[in-house]
Amino acid sequence: MAKKKELTVEERLRALYDLQLIDSRIDEIRNVRGELPLEVRDLEDEVEGLNTRLEKLDSSLESINNQISDKKNLIEESKALIKKYSEQQKNVRNNREYNSLTKEVEFQELEIQLAEKNIKEFKAQIEQKKEVISETKDKLKERQKHLKHKKGELDAILAETEKEEKALIDKSEDYKKNIEERLVKAYTRIRTNVKNGLAVVPIERGASGGSFFTIPPQIQMEIATRKRIITDEHSGRILVDAQLAEEEKEKMDKLFAKL
């Protein structure tokens, strides 16, 4: 296996800053997407939940309608029994038989009253559920419309940036392979610990990029010599001189334009 070429300090600094520019470009692309993927997923879950709710409501309506049918059948059966008992009363031979049949008729009449009461309650439930179904359908329609709009936004952004992002990720991995593992680990650790992901920054107006702390002139001169890798004592970022940064930025801008 071929031994990795030993880079000079300046070459390491240039490679690290190039890696930073590539990763920062990836960050920009992902920031453009922002919270859209999460919003789309949340909306998809909400739409799925509303559809499930509608299915349950429809099932509940069907169950109530079945119960109404059962009660109507019970009423018809009770009416038939009342008619039967009433006919039997005409042929009774004593008061005991007559009273017994009268109680049967009264029981069936109570059954009819209870069934009619149940039907009335069931119909009230149906009206309530129909109202909830109507509101749920309106909300579902609105959420589906919103989801379609957000998906359109996300698809448009992905269409514009997906190819570039993949190419940049590949480039980032390629650049890492040409940098010492310890430096890549340090770079990754710094990127993770800072808000904007800037691990390698140039000197800007006497201070490290993204910081208000001034770099002493002697340290600035040492950074400009590119003889050793120097970090900002306040932020821990790796520092490069402004000229090197500008040269690498021009080079990387040309690379980005080709992607």
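Everything quoted here is computed from the prediction, not taken from an experiment. (Residues numbered from 1 in each chain as written. Predicted model: local features only at pLDDT ≥ 70, side-chain atom pairs only at ≥ 80, totals over all residues. Heavy atoms only, no water.)

K.L.:
Help me understand the overall build of the chain in this model?
P.N.:
Within the chain one finds six helices and four strands. Along the chain direction, N to C, the helices and strands of the chain fall in the order α-α-α-α-β-β-α-β-β-α. Over its C-alpha atoms the chain spans a radius of gyration of 40 Å, topping by over 25% the 18 Å that the globule rule assigns to 259 residues. Counting only residues that meet the buried cut, the chain has 34% of its 259 residues in that class. Restricting the contact set of the chain to residue pairs at least 6 apart, pairs at least 24 apart contribute 77%. Counting only carbon and sulfur atoms, one obtains 49% of the accessible surface of the chain, whose full area is about 17,600 Å². (Helix = DSSP H or I, 4+ residues; strand = E, 2+ residues; numbered from the N terminus. Rg over C-alpha atoms; globule rule 2.2 N^0.38 Å. Buried < 20%, exposed > 50% of the residue type's maximum accessible area, 1.4 Å probe, protein only. Contact = heavy atoms within 4.5 Å. Areas by Shrake-Rupley, 256 points an atom, 1.4 Å probe, with all protein chains shown as cover.)

K.L.:
Please clarify how the pattern of salt bridges should be interpreted in this entry.
P.N.:
Two side chains that carry opposite charge are able to pair once their charged atoms sit near each other. Going through the model one piece at a time under the given rule, you end up with 24 salt bridges. As a salt-bridge pair, Arg226 and Glu10 come within 3.1 Å of each other at their nearest N and O atoms. You can see Arg226 sitting in the loop between helix H5 (217-225) and strand E3 (230-231) and its partner Glu10 sitting in helix H1 (residues 9-33), a full 216 residues away along the chain. A relative accessible area of 13% means that Arg226 is categorised as buried. Overall, Glu10 belongs to the partly exposed group, its relative accessible area being 29%. (Salt bridge = Lys/Arg side-chain N within 4 Å of Asp/Glu carboxyl O.)

K.L.:
Please explain the UniProt feature "coiled-coil region" (unreviewed entry) in the chain as it appears in this structure.
P.N.:
Residues given the UniProt feature "coiled-coil region" (unreviewed entry) here are residues 40-178. Structurally, residues 40-178 comprises 96% helix and 0% strand, and the distance from its first C-alpha atom to its last is 38 Å. (UniProt positions renumbered as here; feature names shortened; annotations may be inferred.)

K.L.:
What exactly am I supposed to notice about the UniProt feature "domain: C4-type zinc ribbon" (unreviewed entry) in the chain here?
P.N.:
The UniProt entry lists residues 208-239 under the feature "domain: C4-type zinc ribbon" (unreviewed entry), expressed in the numbering used here. The span residues 208-239 shows a helical share of 28% and a strand share of 16%, and its end C-alpha atoms are spaced 7 Å apart.

K.L.:
Even after reading the chapter, I still don't get the packing of H1 against helix H3 (residues 95-177), so can you show me in this structure?
P.N.:
Relative orientation and spacing of two packed helices are given, respectively, by the angle between their axes and the distance between those axes. For the pair H1 and H3, the least separation of the axes is 9 Å and the interaxial angle reads 160°. Relative to H3, the element H1 is oriented roughly antiparallel. The crossing of H1 and H3 is left-handed. Packed against H1, whose contacting residues are Ala15, Asp18, Leu19, Ile22, Asp23, Arg25, Ile26, Ile29, Arg30, Val32 and Arg33, the element H3 presents Leu154, Ile157, Leu158, Thr161, Glu164, Glu165, Leu168, Ile169, Lys171, Ser172, Tyr175 and Lys176 at the interface. Tallied by class, residues from the contact of H1 with H3 come to twelve nonpolar, two polar and nine charged. (Axes fitted to C-alpha atoms, helices over the stretch in contact; angles between N-to-C directions. Parallel < 35°, antiparallel > 145°, perpendicular 65-115°, else oblique. Left-handed = near helix turned anticlockwise from the far one by under 90°. Nonpolar A, V, L, I, M, F, W, Y, C, P; charged D, E, K, R; others polar.)

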